[in-house]
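# Chain and residue survey
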Amino acid sequence: MSKPCNTQLVIDGVCRDGASGRRMTLVDPAREEAWCEVAVAELADVEAAVAGAQRAFETGWRDLAPGKRAEVLYAVARLIREHLEELAQLEMRNVGKPISDARDEVALGARVFEYYAGAVTKFFGQTIPVARGGFDFTLRQPMGVVAAIVPWNFPFPIACWKVAPALAAGNCVVLKPASLTPLTALRLGVLALEAGMTAGVLQVLSGAGGQIGDALVQHPLVRKISFTGSTSVGSRIMQLASRDIKRVSLELGGKSPNIIFADADLEQAARTSPMSVFANCGQDCCARSRVFVERKVYDRFVELFVAATRQLAVGDPSKEETQVGPMVSAQQRESVERFLDSARQAKRTLACGGDRPHTKGYYLSPTVVLGCETTDWIWREEVFGPVVCVRPFDDEEQMLREVNESPYGLSGSLWTNDLRRALRVARRVESGVLSINSHTSVHVEAPFGGFKQSGLGRDLGMAAMEGYTELKNVYVAL
Ligand code: NAD
């Protein structure tokens, strides 16, 4: 594809380079070739972006009639749909994501904007019959400037599911995409302007989190940080935000279980489970990377699961039939290979995968690891690559203890045809999201987020609107 049409920061309605004029090179992960250069934001750009967003908040967006705000968000959704192919190609080339997935994710971004355009006029306070009489009501008010910091694995949809509700609630946003994958966010900044959004309402800063992250998080005008990324960076953001009690929501790492009971539809579970962990080349916070299989059906499940994994189409992300593309970077692949080395050293069985299937591109074959102990590094830590560990279990209680031993609690699946067991186990799994006889984790209309070290607060659904507003109580003496 041709070069991206915006590689500059979007600040106060203008596309421009950062204060120093520095640019960074983006590498196409499928070809290992330099592809384009993007502007790098400096501290002065953070200052300009936040100050401009505050101005836009005070002078217009905060007080815009809700119906007008909704119209602008609908217009953004429409432009995303009109530019769906362009955005999908950008994401495919930048992340190494299969083109069919990239299209689905861009369409998801449009649906998110439509949902929150609708939410503008459907999210409201209450009247409360307070004991002392008079009239009491609550208001949901915007906070001011929101910093939205997003990761490289799902750059476009995660940007949309932070930006759209924050704007719908009347805030202005400074969006910081991951340094490796800024292109669709920079394009979104331009599309928002074309949709009629006033300058400053959505600012976009590409650049390294390590360089501008602290300044953005600590800026006195930033009232809320909405972050998706690693648990270690999330923890740092929470610490920095605590100094002046900024609001934070954090969507962090995961090590999600996939629980297969003997009475489940094994064929269906085995057919669909590979993509519950290998989609996006395993670079998925919801990846079901620990599979627990009831011992009676362990051998049969493993046989079906490995066979289904071997059939995945791993290759060029621009091809329609590709299911698994390359990893995002050489560094990410090396990090995953260190986990595989540790499994080999511990004499675990790699039932398939573990190799680099192509000489060019950061590819790694989907890998199924058997025979792990619960103390193994690869079993306990988020690998964030195409690797899954499978273990048998005999007893429901023991299995639940192992499931919940993880410090993470984001997502998971359980497979059974026994309704009572499904509901009993669903309550006991410590995770913010769970699917029964399915691997779907994300619904635009439903809350998404984690227990324990997987996060704080919720994205999506009306729960996100709560996270981007302050709740005010007003009492009127009559
Ligand atoms: P990361 O934490 O390295 O980076 C995330 C974002 O934070 C990037 O934009 C980065 O530039 C920025 N950043 C880095 N240092 C910063 C700092 N000091 N201050 C402020 N911002 C800073 O994560 P990543 O490698 O991009 O993404 C992978 C991680 O994200 C995985 O752990 C994955 O599980 C998690 N993730 C979670 C969810 C979820 O919804 N729970 C979704 C996707 C990814």
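What you see is a predicted model; the values in this text were computed from it and never measured.

### Section: the environment of K122
With respect to the helices and strands, the residue K122 is situated in the loop between α4 (99-119) and β5 (127-128). In this structure the C-alpha to C-alpha distance between K122 and R78, which are 44 residues apart in sequence, comes to 21 Å. A polar side-chain atom of K122 sits 2.6 Å from the main-chain carbonyl oxygen of G118.

### Here we look at the sheet that holds strand β22 (residues 469-476)
If you trace the three strands from one edge of the open sheet to the other, you get β5-β6-β22, paired in antiparallel fashion. Whereas interior strands pair on both sides, the edge strands pair on one side only; in this sheet they are β5 and β22. Here eight bridges tie strand β6 (residues 135-142) to β22, and the two strands are oriented antiparallel to one another. Residue pairing in the sheet places Q141 in a bridge with E470 of β22.

### A few points about the site of the ligand
The environment of the ligand is formed by 27 residues, the closest being V150, W152, S230, L252 and E382. Between the ligand and G209 there is a distance of 3.3 Å, counted from an oxygen atom to a backbone nitrogen or oxygen. Separating a nitrogen atom of the ligand from a backbone N or O atom of L252 is a distance of 2.7 Å. Contact with the protein chains hides 89% of the accessible area of the ligand, taken as 850 Å² for the molecule alone. Looking at the shell around the ligand, the elements that each hand over two or more residues are α7 (209-218), β10 (222-228) and α8 (231-242). Looking at the shell around the ligand, the element that brings in the most residues is α7, giving four residues.

### Concerning the packing of helix α9 (residues 266-278) against helix α10 (residues 298-310)
Contact pair α9 / α10: the axes reach a minimum separation of 8 Å and the direction vectors enclose 50 degrees. Overall, the two elements α9 and α10 adopt an arrangement that is oblique. Crossing handedness for the pair α9 and α10: right-handed. Of the residues in α10, those in contact with L266, E267, A269, A270, R271, S273, P274 and F278 of α9 are R300, F301, L304, F305, A308 and T309. When its residues are assigned to classes, the contact of α9 with α10 shows nine nonpolar, two polar and three charged.

What counts, and at which threshold
- Residues numbered from 1 in each chain as written.
- Predicted model: local features only at pLDDT ≥ 70, side-chain atom pairs only at ≥ 80, totals over all residues.
- Heavy atoms only, no water.
- Helix = DSSP H or I, 4+ residues; strand = E, 2+ residues; numbered from the N terminus.
- Polar contact = N/O pair within 3.5 Å; in protein donor to acceptor, adjacent residues only side chain to side chain.
- Pairing = 2+ DSSP bridges.
- Near = heavy atom within 4 Å.
- Areas by Shrake-Rupley, 256 points an atom, 1.4 Å probe, with all protein chains shown as cover.
- Axes fitted to C-alpha atoms, helices over the stretch in contact; angles between N-to-C directions.
- Parallel < 35°, antiparallel > 145°, perpendicular 65-115°, else oblique.
- Left-handed = near helix turned anticlockwise from the far one by under 90°.
- Contact = heavy atoms within 4.5 Å.
- Nonpolar A, V, L, I, M, F, W, Y, C, P; charged D, E, K, R; others polar.

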